[in-house]
Amino acid sequence: MELRSNYNNRKSTRHKDHTAGFTLIEVLVTLGIVVLALGMTLNVGFDTFNRTDFSAERDAIVRLLQQARGRAIANIDAERHVFRVDISQNEYVLYAGNTASEDPDRVVIPIRDGIEVRGANPGDVEIVFYQVSGRSLGGTLLIRDETREATIEINQEGAIIW
C-alpha cells in the first residue's frame, strides 16, 4: 500500500512541473492555416458576388424589356412602349409614347457601377414595342463587366432572347 501512494505522489508532482499551453510553433502553424482558409474563402466569395451582380443586371434588363412588351400588347395608354438605355445619364428608362418626358409614369432605373450596356451601334439604345402586336424593329443589347459579357436579342416579333 505504501508503494502505491508514493507512486501516485510522484505522478502528481511530475504534472505540476510542466507548464500548460501551446508552443510558439503550434500557434504560428494554426494561424497560418486559418489565414490560408480565410484567403481562399474570401476569393471565392468575391467572385460569387461579382457573378451575382452581373446576373442581377442582366435579369433586370430582361424584366424591363418584358414589361415594355407586355404593356404594349395590353395596349396600356394606347401607345407604343419603349425600353431605352440612356448612356449619358447611365440609366434605363421605360416609357410609353414618343418621348420619355411625355410619360408621367415612366420608370427610371440606374445602371449598376462597373456594368456597360450598349447596342450594336454607338450611342443610346431604344427598343420599341408596338401596341397590341408587341412587335419590334428588333435590336441587340450587349452587357459587359470586367470579366463577363452577355447578349440580349429582340427579334421583329418582339421575342426577347437571352
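Remember, it's a predicted structure, so these values are computed and weren't measured experimentally.

A.B. asks: I would appreciate a short explanation of the sheet that holds strand β6 (residues 139–144) in the present structure.
C.D. replies: Hydrogen bonding along the main chain pairs the strands of a sheet, whether they run parallel or antiparallel. Read from one edge to the other, the open sheet built from four strands follows the order β4-β6-β7-β8, with strand pairing classed as antiparallel. The outermost strands of the open sheet, each flanked by one partner alone, are β4 (116–119) and β8 (160–161). Inspection of the sheet shows strand β7 (residues 149–154) paired to β8 by two bridges, in the antiparallel sense. When the bridges of β8 are listed, Glu153 appears paired with Ile161.

A.B. asks: Hey, could you run me through the pattern of salt bridges in this one?
C.D. replies: Two side chains with opposite charge may pair up if their charged atoms get near one another. Taken as a whole, this structure holds 10 salt bridges when the rule is applied. With a shortest N-O distance of 3.1 Å, Arg135 and Glu157 are connected by a salt bridge. In this pair, Arg135 is assigned in the loop between β5 (125–129) and β6 and Glu157 in the loop between β7 and β8, connecting sequence segments 22 residues apart. Taken together, the shared-partner salt bridges connect Asp53, Glu57 and Arg112 into one network.

A.B. asks: Could you clarify how one ought to interpret the pairing of β6 in this entry?
C.D. replies: In the case of a regular strand, side chains alternate between the two sheet surfaces. Note that β4 and β6 share four bridges and pair antiparallel. If you follow Gly119 over to β6, its bridge partner there is Leu141. Relative to β7, β6 runs antiparallel, the two sharing six bridges. Bridge pairing in β7 links Arg144 to Glu149. Remark: four residues form the turn of the hairpin made by β6 and β7, two consecutive strands paired antiparallel.

Scoring rules and cut-offs
- Residues numbered from 1 in each chain as written.
- Predicted model: local features only at pLDDT ≥ 70, side-chain atom pairs only at ≥ 80, totals over all residues.
- Heavy atoms only, no water.
- Pairing = 2+ DSSP bridges.
- Helix = DSSP H or I, 4+ residues; strand = E, 2+ residues; numbered from the N terminus.
- Salt bridge = Lys/Arg side-chain N within 4 Å of Asp/Glu carboxyl O.

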